[in-house]
Amino acid sequence: MNNFEQSLKKYADLAVGVGINIQKNQTLVVNSPIECAEFARAISEAAYKRGAKNVIMRWNDEKSALIKYLNAPEEAFNEFSKFEADELADLAKNDAAFLTIYAQDPEILKPVDPTRIATANKVRSIALKEFREYTMSSTVSWNIVSVPTEAWAKKVFPNTSSQEAMDKLWDAIFKIVRVDKEDPVEAWNEHLETIKKSKSFLNEKKFKKLHYKSAITDLVIELPEKHLWAGGGEFNGKKNFFVANMPTEEVYTLPLKTGVNGKVSSTKPLNYGGNLIDNFTLTFKDGKVVDFTAEQGYDTLKELLDTDEGARYLGEVALVPYDSPISNSNIVFFNTLFDENASCHLAFGNAYPTCLVDGSEMSQEEFINAGANTSLTHVDFMIGSSDLDIIGITENDEEFYVFKNGNWAF
């Protein structure tokens, strides 16, 4: 077995063992692009070796999706398979775990009318609402990882051959997810402890608001009274620990829906639905986006914000130090899983119930009354920079630097 095959197997085992933390006789559902079949098979083998009862493969093909978007009639985007929605909800009810391999050509859907994509995304979100509640509340274990595809690698490393681009992206990913370490599991345990310390500090302070200031951002975000900071890993409904994102550098919570005011500017491109949105600004008043601009992808951003009423409000506030492994790689990945873990970020749309005390046990009405946003969508966008300061303000109006010049200040 060569070094690459060894690293691939270590990565698959890490995703299944630490990310999902698969339990004996549990079912694992793997969502994978067809280009990532080799890694998906390694995931399957690792899961069975750790005692999984069944591994269900769900393949997707973005080139077929492009053909449909360009050629299908309008009515095709107004329907979603009830069988598929019911199947996923049923699997979640029966404690399946869900692993997604996220590897997308960042601009494959550039020729497509953004309205078609927005319609399809909205219809899909409505159909999968019951299933999403299982993952958003962490009732089930779930995990997202990435491996290179040729189109993605060429976007990240455009001035190289396809093979060199693939090799460079594999190398970057293996380092970022700590597969290059002698003991990746121990390296992850140490990393999760570091995140836990930051999370504990924020939960102890119980800030009522955060003030973001940089050369291009001036934004105040209020936090609900019973907010909780999360990050690293968490426990599912059966008290099994899992790590939802690999990599992960963030500590995150939810904002008060109506408590966001000011202007924020993006610092990295956002890959949304096969299109890039770049160099955009958002102006908030009482929580709502009331104005926005974008140098690239304006129409795509507009469709995203018009998904539903909640899409113009925030559902997540996440802190990531500028001096972090992904940021220090100086690579723009055009992949939110990586780019969001290189930068402080916010998210349009739905909030995580796990970020409120007893949030997972709340009805939707109780969740909303506690100050949380609800939406069919949840999309992260990056705002961190080397000059970003974040000042935390307590109930007693005491002020503490949480971030200074892009990094933790404590």
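Small disclaimer: the values here were computed from a predicted structure and weren't measured.

1. Section: the nonpolar core
Nonpolar side chains tend to gather and get buried jointly when the protein is soluble and globular.
For step 1, the next point in the chain: Counting residues in hydrophobic clusters, the biggest one holds 52 residues, and the most contacted among them are Tyr 11, Leu 28, Phe 39, Ile 43, Leu 99, Ile 101 and Phe 333.
For step 2, the next point in the chain: Among the elements of the structure, α1 (3-20), β1 (27-33), α2 (37-49), β3 (97-101), α7 (150-156), α8 (162-176), α9 (184-205) and α12 (336-339) are those that each provide at least two residues to this core.
For step 3, the next point in the chain: Those residues in contact with Ile 43 that lie beyond four places of it in its chain are Ala 12, Ala 15, Val 16, Leu 28, Val 30 and Leu 99.
For step 4, the next point in the chain: Listed in part, the 38 residues of the second largest apolar core include Leu 219, Leu 270, Ile 277 and Phe 403.

2. Considering the pattern of salt bridges
For step 1, the next point in the chain: Using the criterion set out here, one finds 19 salt bridges in the structure.
For step 2, the next point in the chain: Close ionic contact of Lys 82 with Asp 86 constitutes a salt bridge, the shortest N to O distance being 2.6 Å. Pair noted here: Lys 82 and Asp 86 are both in helix α4 (residues 82-93), with a separation of 4 residues, about one helical turn.
For step 3, the next point in the chain: Judged by its relative accessible area of 60%, Lys 82 is exposed.
For step 4, the next point in the chain: We classify Asp 86 as partly exposed; its relative accessible area is 39%.
For step 5, the next point in the chain: Between Lys 208 and Asp 397 there is a salt bridge whose closest N-O contact spans 2.9 Å. In this pair, Lys 208 is assigned in the loop between α9 and β5 (209-213) and Asp 397 in the loop between β18 (389-393) and β19 (399-404), connecting sequence segments 189 residues apart.
For step 6, the next point in the chain: One salt-bridge network, held together by shared partners, links Lys 9, Glu 45 and Lys 49.

Rules and cut-offs
- Residues numbered from 1 in each chain as written.
- Predicted model: local features only at pLDDT ≥ 70, side-chain atom pairs only at ≥ 80, totals over all residues.
- Heavy atoms only, no water.
- Core = buried A, V, L, I, M, F, W, Y, C linked by side-chain atoms within 4.5 Å.
- Buried < 20%, exposed > 50% of the residue type's maximum accessible area, 1.4 Å probe, protein only.
- Helix = DSSP H or I, 4+ residues; strand = E, 2+ residues; numbered from the N terminus.
- Contact = heavy atoms within 4.5 Å.
- Salt bridge = Lys/Arg side-chain N within 4 Å of Asp/Glu carboxyl O.

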